[in-house]
Structures are given as structure tokens and as C-alpha cells.
Amino acid sequence: MTTDQNAPRKLPGNLNTNRRLDRWLRINRDGTVTAFPGKVEIGQGILTALAQIVAEELDVALERLRLAPTDTTYSPDEGMTSGSQSITDGGVALRYAAAEARFLLLQRAAARLGVSLEQLSVADGVVSARSGGSVSYWDLATDDLLAREASAEIAPKPASQHTVIGTPAPRRDIAAKVSGVPVYVHDLDLPGMLHGRLARPPSYDARLVGLDEAEVRSLPGVVALVRDGNFVGVVAAREEQALRALARIKRIASWEEKTALPQTTDPRFLLKETTEDEVISDKRDTAAAARAAKTLEAEYTRPYIAHAALGPSCAVARFENGRYTVWTHSQGIYPLRNDLAGVLAMDKERIAVIHMEGAGCYGHNGADDAALDAVLLARAVPGRPVRVQWTREDEFMWEPYGPAMVVKLKAALDSAGNIIDWNEDIWSNSHSTRPSGLGGINLLAAWHLAQPFKPAPPRNPPLPGGGSHRNAIPIYEFPNQRVTNRLVKRMPVRVSALRALGASANVFAIESFMDELAGAAGADPVEFRLRHLKDPRARAVIETVASKAGWRKGEKGDGARGRGVGFARYKNGACYLAVIVEVEVGREIAVRRAWAAIDAGLVINPDGLINQTEGGIIQSTSWALKEAVRFDRSRILTSNWDDYPILNFEESPQVEVTILNRPELPPLGAGEGQQGPTTAAIANAICNAMGIRLRDMPFTRERVMAALA
Amino acid sequence: MTITIHVNGTGHAVAAEPETPLLYVLRNDLKLKGARFGCGLGQCGACTVLVDGKPVQSCDFPLSAAAGKSVTTVEGLAADGKLHPLQRAFIAEQAAQCGYCVTGIIMTAKALLDANPRPSDAEIRAALKGNLCRCGTHQRILRAIRRASEAGAKA
């Protein structure tokens, strides 16, 4: 194994950026193995899957795995936990690191037992020689074992040898969670801890013009009032005292507000904005285009959608001896630390950021912002930890929403019912304004300070993954195709990454339009999709879901019940997912059942994949049927669950998921493949049931009535 | 002011204002973190505990109203070192994603099964109307409650 220091070889996944083996793994003398993931648990079950990967490659029992909390003091920098990349980037790194650790242990065992490597086998960390004699990892391990750069020259096991990967493993965290054990950052309770609350402005650009600070400071339990420009926070001894002080501030503070929000919540306001246009797909075949017999056009929209984590954001921070320690449910502790260091104008090495779980996040919510809030309040009370708990209203009004989008489609069919031309234009803001440390500060409080920071320029993640244009390029095969991304730069409403980014609206539009075209071609929607697809894996998920759902060619709804299909390959490079849903339209639209087929390549934890897929489908059903952020010209009007109803237990569908496992192929990201296909399948099912086509999310009773009128 | 409440069978004298939401007393004074803050408005159910056997949203329930009553939190469900059948059923069905809502849901379900040991699917769904789950784990949660019911969760 040699490594050229001058030109480091590209290593698999995030091993490439975190190249030392001991950054990822430690073999402990007490019979345990510690893995150091840089990816974090956000409710997706990733830690269980990562533990499975290490257990598999090391040949140790799953129970021996310890996972160190992700911490900037020692964890590998894996950037963000986002975009369904934790298995492909973090898991692959651990897979190679563990395979190499096993090899190094076997080398030591061979020397110790005086045999060749070929004579050794491993069972749960005990290395045995064919000729007799054995020694355990726990006896072989020393601190220097993994103190070296990874070579990645030891191939992970072939699928045929897997016993842990591909077998359902119970989640590591569920027993603790159902027992009520403290597990979330919300539960952190440090000695001497104080409680902080923020008195946010009533609207985005409001300016604080009056606040009787003495009155607030005189309230029971109030330890500190932090006022810096338009940033106002209070610290109290007891949590309810902080809340009472917050209520008082809200009552007595006076603010000057602006009217800067869009005139309408209808996403079509985007069509009038200045855009930066980019043609992202352009295919021409004039001979084919000349066969056009029928042309269709349609326009689809998605409103602003809230992540609406069930637990509002929370963070704890302590300022002591010129150093900060921050506990946060951020999806990216290193990028967050960069932005915190920018605001504090201090060396980032003096800030330790430690991840603890929060409520499920589904993308960029208030987690990072709450971390800065806690830091700013902790600065006022050196030595005392401060726990900042956002209110429900804070989370709803200040989180960055999933952007509103408009997708316009126009396509031509030939006389045989084949799509021969496809034109698509999408309007959207960027889908990422996460902390980055590049060109500005992407943390809410930083914009409110007396010396405010500018936000960093938004990033639209580039294709093939894409941001607003994620899944904008159809994976179907059309001879003529032009897709234009019209990026809207002005962001009157705060937006960022919401699960699936632009794929949610783009796939909703593409897959709805496929059904409209199938209708115009007189074709069955399942058959029509297959007609335009060559990729065998794409075809397989559609065929499988049709078979599992008992799809009948050309089946029609009965005026109230109907079924529809939706399909996509997430990011055009991650998992394949097809879904069929059954809706019932009564007073409201109800999704009763859903069938899904998913191909995510090599599956690490089948039950974890099913759980994520069910969850994605149910959450998408909620987005599709119910959700839209409301605002007027000056204020966000969505502040609690009454303003923003989500799918409840009486409305949730029954979901059956079928996995098409491909153990011989690489694993594919699978946490976000459900949103677009599910939304489209619901719209298609409504059309199948009632003959009306809903092109604007959410699909409410009012929209059904309007379509019927 | 000192108010005495009985939580999971033990009496506690708590020095707090009478209108303090029970949730903060449980979490901060008694260090019972199983009931969780979700909205502070009684809309989501993450903070559900039982007061004299009835489910209440503790974020919206004043300490004074719990005085002299018997409060049960999720930490009080295990008996003889064994998790409650509902908790075991949630593990068996792997009925959580982020898990933030599950303790409140388990408490709601306990009240349901205590009153109605063999509820129908519709009755379970109706009982959970005040509990939100954002991850979309509804189907597994419903399955877990049915499993506990079938195992005879009345305890």
C-alpha cells in the first residue's frame, strides 16, 4: 500500500476528504468498536445503517458498535447531512475504512499466530487460524493500528457474503425514544443552565423603534436582556419566566413594518420576476418534430411549504474562557461553525459544535438559526449554559420554506401516441441558503443585529443533482426536448432546502403531464410511461407497482374513487420509485391506499428503507392535500398548527412498499424519492376518479369545487 | 409558592407559580424529559401525559390543576423492569422515525386502551386526532397500538 503524498488518490465517498482511518473508526480493547460518522441522525435511521455497514465489513456483531456523537472536535467533516447522500458518501467511506481495518487486524493476527492471511477467518471479532489458535480484535488493537491514511485498496465484501447488510436491523434509537429517555438537544439539561427566548420582529424587515428595557429586566427571574439592533432575546432562570418575559416584550415593543411580501400567495407571481435563464437540456430531431399531430400545454404550481418540524428548533450554548460550546440539531455542524465564527469574528477553533438529535427536519429549518441565537444569549451570561427553545410561532414564521414554483409544459404527440417534442420551463428561487461561510452569513439573527451581516448568495446546487432544476429533465426518452431553468433571484419570502428540493414540483408537473398526454393519446398511463422508457430498472419499478396494486389497463374511477400512478428516478441518478395511490373524493380528498416499488441498489437496512418510503409517501400526501404557507403584504400569517394543518391519523393512508433489491449494485440515496411521484399520483388519481385535473398544489376541496364549476 | 403533585407514584413539592405549565415542571424540575414541547398551544400532543388517567396536553395544563392529582408520564409506564406492552409494541413495529411525537402518542394510546382494550381501527385513529406526527409514521404507529391491544395492554 503506497500513497503518493503529492497527488493524493481519489478515495471513495467522504474518505477522500477525511483520509485518516482513525478519523472514522476505533477498535476498543473492551470488545467494542467506535465509529465516528460525520453524518447525523435526523430521524431517517442513518446511524443504524452505518452501524450495519461497519459490523458487516469488520465481521463483528452489530451490538458491539458504538457511534460517537458528531462533534467538530473530532468527527470527520462530512458537510451537510442532506440530499440522500449519507449512504453513498458517508456509508461508503465507513465501508472502505472498516474493510481496511479488518485487513490490518488480520495482518496482526497472522503475525501473532504465525500463519498466512489465507488461513484466517473471523467471527464476531475473533480471528481463528485453520490450523488452530485464535486471537481477538480486542487483543490485537492498539492506538496506532488505524493511525494512518486510508488506502481504500481493500475491497469491501461482495454481496454474496453479506449477513448484516441487507438484513432488517432494529433502529438503534427507538427503544430509548419510546421509553422517554433524554435523547434530543431539547432534553439537554446542564448544571446552572438558563432559559432563553427570542422576541423576533413581527415581520421580516421590521425595525425595533421602542422597548422599555428596564421593565423587562425587572420581571421575575430575568437574568439578561439582549438587544442588538432588531435582535431581542431574554434569558431567565426558569423556562416559564423566560416565556412570561417574552410575552411582555411582545406586548410593549414597537416595531416599524414594511410591505415587502408578494401581493399574492399564488406562485404565479414568480412569472413576473427577473430570472437568470439556463437551458439545461436541448435535444433536436426535426424529422421527428415534423410528425406532430397533437399539442398539449399545461401549467403547474407548488406553494411555499413549511418543514414544520414537530419540535421547534432548540440549541444550547455556553461561553466560557473565551470559547463557545454549542449543542445543536444542525444538519451540518462544520458549515454552521464557519458562520458562527464569522458572526463572532473569532477563530473557529475556539468554537466546538456538537450535534444532538432534534425532531425530524426534512431539510433546512430553524436549527442553525437557533444555534446562533443561543450563542448570542450565552455571550451575555459567561459561564452559564443557555438553552434556547424556539416557539411554535418562531419556527413557522422564520424557518426558510421550500420555495414556491411554477412549471410550464408543452408537448407534442405523433399520430401513434408517442411524445415527439417536450418543452419545459421552470420558475423558482434557489433551493439552498444554508450556512456556508462563503460570501455572507446565512443565519437569521445575524441579519437583525445593529451591525447586520449580509446573507451569503444563494446556491442552486448544480446538475446532475440540481436544486430548483432537480429532476427537471425528464428521464423518459423524447426525440425533441428543451428544458429551461428560470432562476428567480429576488427572495421576498425566506426559502431554502426542503426534502427533494425542486424535484417535488418538477416531478409533480412532469408526471401529471404524462397522464394528460396519455389521455390525449388514448393510452393507459402505465403503458404510456413504459412506451417512453428504456432503462430496465425504471421499467421494473413501474411494472412491479402495477402488478402489486393489481392495476388494470385503462382502469377508470367511479366518480368518487380512482387510482393514479407516478414515477421518478430521484435526482435522475439516485433511487427509482413508482407509486400508485387510491383516492376517495368526498367532502375532502382522501388518499386511502398507496403501493410503492423502490429500487435503491444495494439495500443496507430493508426495514429502514421501507420506513423512510412509507414516511415520504405519507408526508407528501400531506403536502399535496393540505399544505401552503400563508402571508399578506407585510406578515407571514402561518404561525401555528391551526393555520397550517397537516395530515392527521384519521386521514393517513395505508402504504405497501416493495423493495427491488440489487445487492450487486451500488447503494442509491433513497430518503427523498417519494415526494414528486406521490404528488403526481394523487393528482392523477383525482383525475381518474372525477375527470378533473388539478394543477395547483394543494389539492383542496375548494380547488375541486372550482374545477367542477 | 410550593405545590405538591404526584408523578408516577411519587409526591413532589414544586416551587413554581401556579399557572406554570405542567410540562415545564415535569421537564425542568423533575427532570422527566419524556413529555416533549411541540407547540405550547395544546395542538400537537407531543407533551401528552395522564392526569388521573385522562390524557392532557401538559404544555397547556397549569401546575395548580395537577395539585393533589396523580400524574403519569411515559417514564412511569415500565413496571418490574419491563417496558409497557405499548412501548414493546412500538419497538416491535419499529414505529418511529424521528420519534419526537411517540411518547405523547403512547400516553394517548394508554388512556385509550385502559378505557377500551380492543378498540377498532377507527376508534384508534379518532383517539389520536390530537396527536400529530410529521415524519409520516402513522401506519406503523397504528399497527403498534393494534399489536399492544391484541397483546392485552390494559395495565
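Residues numbered from 1 in each chain as written. Chains lettered and ligands numbered in written order. Predicted model: local features only at pLDDT ≥ 70, side-chain atom pairs only at ≥ 80, totals over all residues.

Draft legend 1. Examining helix 14 (residues 536-548) of chain A more closely. All names here are of chain A. Its 13 residues give helix 14 an end-to-end C-alpha distance of 18 Å, which sits within 8% of 18 Å, the value for a rise of 1.5 Å per residue. Inspection of helix 14 places Ala 538, Val 541, Ile 542, Val 545 and Ala 546 among the buried residues, and these make up the whole buried set. In an axial view of helix 14, the angular spread of the buried residues amounts to 130°, which keeps them on one side of the axis. Contacts from the buried residues of helix 14 go to helix 13 (525-531), strand 21 (561-569), strand 22 (576-585) and strand 23 (589-599). (Helix = DSSP H or I, 4+ residues; strand = E, 2+ residues; numbered from the N terminus. Expected span 1.5 Å × (residues − 1). Buried ≥ 20, exposed ≤ 12 C-beta atoms within 10 Å, placed from the backbone. Arc of directions from axis to C-beta. Contact = placed C-beta atoms within 7 Å.)

Draft legend 2. Fine view of the domain arrangement of chain A. Residues and elements named next belong to chain A. Taken domain by domain, chain A comprises domain 1 (13-177), domain 2 (185-257 + 309-398) and domain 3 (267-304 + 401-431 + 467-708). The C-alpha centroid of domain 3 is placed 38 Å from the C-alpha centroid of domain 1. Taken residue by residue, the interface counts 20 residues in domain 1 and 20 residues in domain 3. Those elements that place two or more of their residues in the side of domain 1 that touches domain 3 are helix 1 (46-58) and helix 2 (86-113). Residue contributions to the side of domain 1 that touches domain 3 peak at 4 residues, all from helix 1. Residues belonging to the side of domain 1 that touches domain 3 are distributed by class as follows: 7 nonpolar, 12 polar and 1 charged. (Domains from an automatic or database assignment. Nonpolar A, V, L, I, M, F, W, Y, C, P; charged D, E, K, R; others polar.)

Draft legend 3. Representation of the sheet that holds strand 2 (residues 10-15) of chain B within the structure. Residue and element names in this part refer to chain B. Taken in spatial order, the 5 strands of this open sheet run 2-1-5-3-4, and their pairing is mixed. Unpaired on one side and paired on the other, strand 2 and strand 4 (54-57) mark the two borders of the sheet. Neighbouring strand axes in the sheet, compared pairwise and without regard to direction, differ in orientation by 40° on average. One ladder, built from 4 bridges, connects strand 3 (residues 48-51) with strand 4; its direction is antiparallel. For Thr 48, the partnering residue across the bridge sits in strand 4 and is Gln 57. Packed on one face of the sheet, helix 4 (residues 102-115) meets strand 3 and strand 4 and runs near 35° to strand 3. (Pairing = 2+ DSSP bridges. Axes fitted to C-alpha atoms, helices over the stretch in contact; angles between N-to-C directions.)

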